[in-house]
Amino acid sequence: MDTKIIGNRINILKEKMLKEERYVSIEQARIITRVYQENESLSIPKKRALSLYTALRELEISVEKEELIVGNRTKGVRGGVVFPESGCSWVMNEIDDIPTRPQDRFKVREEDSQEFKTQIYPYWAHRSMEDIIKRDFGEEINAIAKVVKINQKDHAQGHICPDCETWLKKGPRGLIEDIKVQKQNATADQIEFYECSELVLEGVICFMKRYHDLIMQMEFSDDLKNVAKICDNLTKRPPNTFHEAVQSLWFLFVVLHMESNASSFSPGRIDQYLYPYYKKDINDNKIDSSKALEIIECLYLKFNQIVYLRNKHSAQFFAGFPIGFNIAIGGIDALGNNADNEISELCLKAQYDLGLPQPNLSVRLHKDTPEILLKNAVRVVARGSGMPQFFNDEAIINSLINDLNIDPIDAKNYAIVGCVELTTQGNNLGWSDAAMFNFNKVLELTMNHGRCLITGEQLATDLGGLDTYSTFDELEIAYKQHIDEFIEKMMEAEIHIEKAHQQCLPTAFLSTVIDNCIEKGMDVTRGGAKYNLSGIQMIQIANLADSLAAIKQFVYEEKSVDQIELLQALKNDFENSQVLRAKLLNKAPKYGNDIEWVDQLGIKWAEYFRERMKDYTNYRGGSYHTGMYTVSAHVPMGENVGASPDGRYSQTPLADGGMSPVYGRDKNGPTAILKSVSRINNSLTTNGGLLNMKFLPQFFKNEVGIEKFSSLLRAFVQLKIPHIQFNVVNKEDLLDAKCHPDLHSSLTIRVAGYTAYFVELASQLQDEIIERTSYDDI
Amino acid sequence: MTTFNIFDIKRFALHDGNGIRTTLFFKGCPLSCLWCQNPEGLDAHNSISYSSHQCIGCLECLKHSHKGEVTFENKKLKFHFEKGTDYQKLIDACPTGALSYVSQQYSIDDIVHLIERDKIFYQNSGGVTFSGGEPLMQGEKLILLAKALKEKGYHLAIETTLYAPLELIKRIEPYLDQIYVDIKIYDENEHIVNTGVSNQLILQNIHYLLEHDDQNKVIIRTPLIPHISDSEENIKNIGQFLKETKPTVPYELLNYNRLAPSKYEKVNKTFKLSKDLEPLSKERMNKLYSLLNDLGIKNIIKNN
């Protein structure tokens, strides 16, 4: 097929999508509210299932005439769906500001706003999950909020990788058959679950059929007629062709979003389970690789059409509407052999062509990753979208087996949900975004008698302060006690959150595509999945190590900084203490520079925290484990923390990433960062770790650069670091570096026989480099 | 104990040889090229680096300037080296790191240990590069270091002027895997005017190495300095020399970059060329390439 024709179709669709305004949509909220009002006597699972069934039959749908893959949960694209069952008090409070808020804006139609305020909200006030959590445990959650951010308070968990393979193999009809078999010997509880699941699957069949019917009413081309046929086929049987399989896959994800309105339902290892369909079509001469690419690109466009409406606060933590359609390509198979195939390459190519924020493309690397896949992946990185990110089989698989007791076959088949959260595929409610635990706020409370440095509020027990601890050990003993104190409170909150999800947000449809829910006759929120984990994020060991290193070296070893003076300086946000701050910033060793004792100062607390997780079991009976990533949460989490001994000003961001050093403090370059990060035991990041590194685009300019980056990634694999992501520095970063040199002091310019830091260059020269730094150069 | 005066150890060096490398910058150079991009490496002895833009004017250093080694004038430190040369206490007192020594002393063990840190990254022929300054100015010591590193199996490269005794070059050559050497200016007088030394020794040494370079270790480079080394005539002469000696030798033209001037002030030196010199345009670069091509120099490395 002519690539120009592909280009045209994709370009037209891409342009249409990006041109369309984002609106808040209340259509599904209206349907859900009506169903609840008309069926007050039904149980919540039944009401939920009936609401979804009704929405599948009634929601307005649309098709673009160029589309090869159809389906969405709103008529318009990128709609911000209001979802009352999980929470709409925040919508009530914020709806007027959504069009103008700083992050992730949507337009709101006046009539929708009115209807929401007068018809929808009044029913849900006090009924939604958000309200129930607030009523039952709101005060306790608020009391620890500066230290622990408890997530999933007003929306469903999501962050799950459905069993796409089984979905494709059976289709909704096959699943209904399975349910019918199981139902024969079921208990009353199970019967309700099965009835709900059957109902929603019937709804899905109807939803597919509606797309067929809609197309048949349009003026259709042969291509579009074929799409209609595919939709109709899927109502009757599982997919047979590659095109059918991709369409079926997309329907699955649309409906999962309609049911839960949650982020990060991820397709996982698409190159593995789609390959048999591709191979068969290739053998039968039904398709060629460029047609397959076109279909994949159509799917990629679809991934960008579902976005997620978060509240204002949450939008700051997870900025840019991330919905987390994470695709994992490459990696090893069940036998441990290299598993990449043509689909892996096509997935990279589609990313190279489109450069859109979704899918979140991940490449699984291992010791035998073919050079060609690695280099092609680096070429996509060079495009500057920050994708693909890389995951390391050599680091991850063993830790899933050894630290989480995951079956080896499931561990080898791991995928990623959302950003970097690790999961097994199709059998795990990982609850990976349970909470974020701010190590640095705890250190602040330890230094300041349990009081907040910003407000003076007593947030924890007074165990002493920087002014009273006579040794570093004493400080660490108090720190440990404070960590324990907050872990205890966090776990109580977690139980309440999960309980509320079970009560308010059972998910009958999701449960049909998660093993072993159908066998157990149990909803996934109740523990129907094979694996039931909960992941807590530890924020951030980089700042923690830097602060502790400064305290240890200056206060307790050299005694060159007075402990009372340091505490006072922190209280005053370094006002009139610029010399002290400069010393803390520049003369204390920092995490990420391959200095073992400094790195360990942070890591040992992560290890302690991880160990403590073993003392708890989550509400579904599964284990807690840990991750080290923030997405964009280092900004709002930093706002909670006063000035710190690493020289950081009060309320400024913490290190980004999760395993990364504080940006600008990594003076020894990328190899030193990797060495430092490799000291983090992989048991600490079974829920996901995030290492971010920034480079100037000149690094990727030619084949020699691509080759050297491939070498860097080979070393990354050998160092058993779980994750790495390369951000190509852009113009804005450099402009910022010019204005705030202290924040970017590690940015290096590298040429033969020479090295210099960007911030040290003459202003005129900086301008010149800024001028040159655009992707056109690459 | 054998020690080396080293002014920078650059990890993740990507442009100083194959693969990923660690580059050691040795202090001291027999040449004094007007365009030198590492002016802090010119003097063999240790010296002070002062970065005025990092200085916050806290004057902590003055508290330790008992002999009057520094004064603060016009919002900057002024150095009085005649009053004392031991600046360690002043440097320790500086909270910003604006004040520091240019170089540090390293023993062979220190260096081997530092190189070892990035061992895992040196696959695909990455390794260690000696640069400077002029590493060969370290003389016999450098052979010891090269030997110690080679024993550990590292790939070794050098960036050198070859302004050194041939005997030394012959003896260190077996330990080296890549030799980057500049022919900056072909005309002897121009070479003297712009670099401070004659190029005869350099050309003789290059000639010797190329004649004996059966492993293709040598890569010739010419830094293109506007109005000094970028003339067609200069490139033609160099090309002719290479053609007569070894036409297959890899040859790289390094386009001018404007990075050098930023460093001069820090080490109390003056950049003598105009700060407004521009890199050569693509057209001019291409012209030089085709000129070399016409001469029969086929193995041109184009990284710019």
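Residues numbered from 1 in each chain as written. Chains lettered and ligands numbered in written order. Predicted model: local features only at pLDDT ≥ 70, side-chain atom pairs only at ≥ 80, totals over all residues. Heavy atoms only, no water.

This paragraph deals with the domain arrangement of chain B. Residues and elements named next belong to chain B. Along its sequence, chain B is carved into domain 1 (3-44 + 105-301) and domain 2 (48-101). The straight-line distance from the C-alpha centre of domain 1 to that of domain 2 is 33 Å. Opposite the four residues of domain 1 that make contact, domain 2 presents seven residues. Of the roughly 380 Å² buried where domain 1 meets domain 2, counting both sides, 41% is carbon and sulfur surface. The largest share of the area that domain 1 buries against domain 2 comes from Glu265, Lys266 and Asn268, three residues that together contribute 88% of it. Here Lys76 and Glu265 are joined by a salt bridge, their closest N and O atoms 3.1 Å apart. Inspection of the domain 1/domain 2 interface yields three residue pairs in polar contact (both at pLDDT 80 or more). Among the residues forming the side of domain 1 that touches domain 2, the class breakdown is one nonpolar, one polar and two charged. (Domains from an automatic or database assignment. Contact = heavy atoms within 4.5 Å. Buried area = accessible area lost by both parts, 1.4 Å probe. Salt bridge = Lys/Arg side-chain N within 4 Å of Asp/Glu carboxyl O. Polar contact = N/O pair within 3.5 Å; in protein donor to acceptor, adjacent residues only side chain to side chain. Nonpolar A, V, L, I, M, F, W, Y, C, P; charged D, E, K, R; others polar.)

Residues and elements named next belong to chain A. Running from N to C, helix α19 (residues 439-447) and helix α23 (residues 541-557) cross one another at 30°; their axes reach a closest spacing of 8 Å. The orientation of α19 relative to α23 falls into the category roughly parallel. Facing α19, whose interface residues are Phe439, Asn440, Leu443 and Met447, α23 presents Ile541, Asn543, Leu544, Ser547, Leu548 and Ile551. In terms of residue class, the contact of α19 with α23 is made up of seven nonpolar, three polar and no charged. (Axes fitted to C-alpha atoms, helices over the stretch in contact; angles between N-to-C directions. Helix = DSSP H or I, 4+ residues; strand = E, 2+ residues; numbered from the N terminus. Parallel < 35°, antiparallel > 145°, perpendicular 65-115°, else oblique.)

Moving on, we get to helix α5 (residues 188-195) of chain B. Residues and elements named next belong to chain B. Here α5 has its buried residues at His191, Asn194 and Thr195. Looking straight down α5, one finds its buried side chains confined to an arc of 80°; they lie on one side. Exposed and facing more than 90 degrees away from the buried side of α5 are Asn189 and Val193. Where α5 is buried, its residues meet α6 (200-212). Two or three places before Asn189, at the opening of α5, Asp187 has a side-chain oxygen 3.1 Å from that residue's backbone nitrogen. Residue Gly196 follows α5 closely and has a positive phi angle near 90°. (Buried < 20%, exposed > 50% of the residue type's maximum accessible area, 1.4 Å probe, protein only. Arc of directions from axis to C-beta.)

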